[in-house]
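Here are the chains, one letter per residue:
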Amino acid sequence: MKEISEFAIRAAEVIDVSEVDKMVDILTDVYRRKGKALVMGAGRSGLVGKAFAMRLLHLGFNSYVLGETIVPSISKGDVAIAISGSGRTGLIVDAADAAKKVGAYVIAITTFPESPLGSIADLVVRIPGRSKISKMDDYFARQILGLHEPLAPLGTLFEDTAMLFLDGVVYYLMIKLNVSEEEMRSRHANVEF
């Protein structure tokens, strides 16, 4: 937990604040125009996206998650938020491209701005994450050789950092849109299982 937390803290120091401000400005504009926000991600990034879309709903956005049965069409002026650590997840790249073709504004949350997803996006917010998998399985040998890699497997560091980042964006939006926690609570599900 400490290693993951320390990584996220270091990541917060290198995330470009101008990218965050632009993302929040775009979302604020969509909110005020009552446009739609479509969040997309596959696998664990998709779970992060679902959590973000839920909070957008609590804020009062018309938010949807790609792949759900109740997703309406999106169009010019709407926003698509695509989450992919590698920026190469085929389904997400294709969906972002489709959103772009109908005139939606595409925001990519990725570690790799030069990826296929990054090249499609109107805005890329770079979230640091683990960029390679260890070639040496022996932890002690790596330490002796000074080859330290995070202990968290696969895309965990990107996914956890993206989750924290997007929770921070929600707080930023609460302030900018003047939405109270009480208002958010009033939009929270009251029929759950």
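Residues numbered from 1 in each chain as written. Predicted model: local features only at pLDDT ≥ 70, side-chain atom pairs only at ≥ 80, totals over all residues. Heavy atoms only, no water.

1. Quick look at helix H4 (residues 90-101)
As a reminder of what qualifies: Helix and strand definitions follow DSSP, with helices as H or I runs of at least four residues and strands as E runs of at least two, each counted in order from the N terminus. What a helix should span is 1.5 Å times the count of its residues minus one. Note on classification: 1.4 Å probe, protein chains only; a residue is buried when its accessible area is under 20% of the maximum for its type, exposed when over 50%, partly exposed between these limits. Directions from the helix axis toward the C-beta atoms define the arc. Contacts are residue-level and defined by heavy atoms, with any inter-residue pair within 4.5 Å sufficient.
With 12 residues, H4 should cover 16 Å at 1.5 Å per step; its first-to-last C-alpha distance of 16 Å lies within 8% of that length. Looking only at H4, the buried set comprises Ile92, Val93, Ala95, Ala96 and Ala99. Buried residues of H4, seen end-on, are gathered within an arc of 165 degrees and therefore sit on one face of the element. Projecting away from the buried face of H4 at angles above 90 degrees are the exposed residues Leu91, Asp94 and Lys101. Looking at the packing, one finds that the buried side of H4 touches strand E1 (36-41), strand E3 (79-83), strand E4 (105-110) and helix H5 (116-120). Glycine 103 lies just past H4 and shows a positive phi near 95 degrees.

2. Considerations on the nonpolar core
What counts here: Here, the term nonpolar core denotes a set of buried Ala, Val, Leu, Ile, Met, Phe, Trp, Tyr and Cys residues that are joined through side-chain atoms within 4.5 Å.
Counting 35 residues, the largest nonpolar core has Met23, Phe52, Ile81, Ile109 and Phe165 as its most contacted members. At nine residues, the largest contribution of residues to this core is made by helix H7 (residues 156-177). Apart from residues no more than four positions distant in its own chain, isoleucine 109 is found in contact with Met23, Ile81, Ala82, Ile83, Ser84, Val125, Ile127, Phe158 and Phe165. One finds Ala80, Ala82, Ala95 and Ala121 within the second-largest nonpolar core, a separate group that totals 17 residues.

3. As for the confidence of the model for the protein chain
Selection rule: Within a predicted model, pLDDT stands for the predictor's per-residue confidence, ranging from 0 to 100.
The predicted model of the protein chain has a mean per-residue pLDDT of 89, with 88% of residues at 70 or higher. Low pLDDT, under 50, characterises residues 131-147; the predicted model gives this stretch 16 contacts beyond four residues in sequence or across chains.

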